[in-house]
Amino acid sequence: VILFSGGKDSTLLVWLAIKAFWPAPVPFPLLHVDTGHNFPEVLEFRDRLVAEHGLRLVVVEVEHWLADGRLVERPDGTRNPLQTVPLLDSIA
């Protein structure tokens, strides 16, 4: 997979994969760990990129881990450190 946050680094990796495998499709999916605190524009960009290039996307939502008790919300409200467990569970 390519870990895809929607930032510059992961977007560049996606573009390089598209170019490297063209005209064949990219043979592996993108993995986005959604903290639930993303800007709507990032999610729209992610979904548009996937649709335009026929990419496969796997979305893992931190909210699911919080809802079933596998994670506990942090007192400071940040969810970035909480991404590790869903990420590791998804690639294992």
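Attention here is on the structure that accompanies the text.

Rules used in this analysis
- Residues numbered from 1 in each chain as written.
- Predicted model: local features only at pLDDT ≥ 70, side-chain atom pairs only at ≥ 80, totals over all residues.
- Heavy atoms only, no water.
- 1 Å grid on protein atoms, 1.4 Å probe; cavity = no way out; pocket = protein on both sides within 12 Å on 5 of 7 lines; lining within 4 Å.
- Points joined across faces, edges and corners; volume = space filled by probe spheres on them.
- Helix = DSSP H or I, 4+ residues; strand = E, 2+ residues; numbered from the N terminus.
- Expected span 1.5 Å × (residues − 1).
- Buried < 20%, exposed > 50% of the residue type's maximum accessible area, 1.4 Å probe, protein only.
- Arc of directions from axis to C-beta.
- Contact = heavy atoms within 4.5 Å.

All right, on to the layout of surface pockets then. Remark: the empty space left among the atoms is shown by a probe the size of a water molecule rolled over them. One number sums up the size of the largest pocket: a volume of about 160 Å³. Forming the walls of the largest pocket are Ser5, Gly6, Gly7, His32, Val33, Thr35, His37, Asn38, Phe39, Val42, Asn80 and Gln83.

Our focus in this paragraph is unusual backbone geometry. A cis geometry characterises the amide bond from Trp22 onward to Pro23, with omega recorded as 10°. Inspection of the secondary structure puts Pro23 in the loop between helix H1 (8-21) and strand E2 (30-34).

Here the focus is H1. The first and last C-alpha atoms of H1 sit 20 Å apart over 14 residues, in line with the 20 Å expected at 1.5 Å per residue. Among the residues of H1, those classed as buried are Ser10, Thr11, Val14, Ala17 and Ile18. Down the axis of H1, the sector holding all buried residues measures 120°, keeping them to one side. When the buried face of H1 is taken as reference, the exposed residues oriented beyond 90 degrees from it are Lys8, Asp9, Lys19 and Ala20. Looking at the buried residues of H1, the elements they touch are strand E1 (2-3), E2 and helix H2 (40-53).

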